[in-house]
Amino acid sequence: GGNVVNIMMKNMLDLLLGGIFYFFIGYQLAFGNDGSWFAGGFSHGLVDPIFFVFQWSFAATASTIDSGACAERVDLYAYVLLSAVTTGVIYPIVCHWGWHPDGWLYEMGFVDFAGSSLVHSVGGVSALVC
């Protein structure tokens, strides 16, 4: 029972705190204009709230992959930090590479079907490191 509660709490924290970090930092890094091949800039406002929620779900998924891999192995505060950094910085930069027209993977013709490569590779590498 303790593992289930632990995972459920971490997943809720991923959604709540991850949403805040993704709103203020991550969305701009992923889809902001005036960026480069590496990351988006901060001049792009929240244009489409539906697109934001759709992309936020991918960012949250990348961070929730860690919750199962790190179950009861990592202190809660360390996990929250990992989740915030994954959702707010790491995943958005990788997302920019593959899904933004300025991203270097996108320019090379990279095609990602519904996040199967970007989301799961970020989550998997993060879980491996954890």
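Everything below is about the structure shown above.
Residues numbered from 1 in each chain as written. Predicted model: local features only at pLDDT ≥ 70, side-chain atom pairs only at ≥ 80, totals over all residues. Heavy atoms only, no water.

Regarding its fold elements, the protein chain presents five helices and zero strands. Walking the protein chain from its N terminus toward its C terminus, one meets helices and strands in the order α-α-α-α-α. Against the compact-globule benchmark of 14 Å for 130 residues, the protein chain has a radius of gyration of 15 Å, which places it among compact chains. In terms of its C-alpha atoms, the protein chain occupies a principal-axis envelope of roughly 45 × 25 × 20 Å. By the burial criterion, 41% of the 130 residues in the protein chain qualify as buried. Taking as baseline every contact in the protein chain between residues at least 6 positions apart, the subset at least 24 positions apart corresponds to 64%. (Helix = DSSP H or I, 4+ residues; strand = E, 2+ residues; numbered from the N terminus. Rg over C-alpha atoms; globule rule 2.2 N^0.38 Å. Buried < 20%, exposed > 50% of the residue type's maximum accessible area, 1.4 Å probe, protein only. Contact = heavy atoms within 4.5 Å.)

With that settled, consider the packing of helix 3 (residues 76-99) against helix 5 (residues 118-129). Direction vectors running N to C along helix 3 and helix 5 enclose 140°, while the axes themselves pass 10 Å from each other. For the element pair helix 3 / helix 5, the angle class is oblique. Handedness of the helix 3/helix 5 crossing: right-handed. When helix 3 is examined against helix 5, the residues Leu82, Thr86, Ile90, Tyr91, Val94, Cys95, Gly98 and Trp99 are found in contact with a partner set consisting of Leu118, Val119, Val122 and Ser126. (Axes fitted to C-alpha atoms, helices over the stretch in contact; angles between N-to-C directions. Parallel < 35°, antiparallel > 145°, perpendicular 65-115°, else oblique. Left-handed = near helix turned anticlockwise from the far one by under 90°.)

Tracing the backbone through its elements, the reader meets phenylalanine 38 in the loop between helix 1 (2-31) and helix 2 (49-69). Residue class for phenylalanine 38 comes out partly exposed when judged on its relative accessible area of 37%. For the pair formed by phenylalanine 38 and leucine 105, sequence separation is 67 residues and the distance between their alpha carbons is 9.8 Å. In this structure, phenylalanine 38 is in contact with Ile93, His96 and Trp97, ignoring residues within four places of it in sequence.

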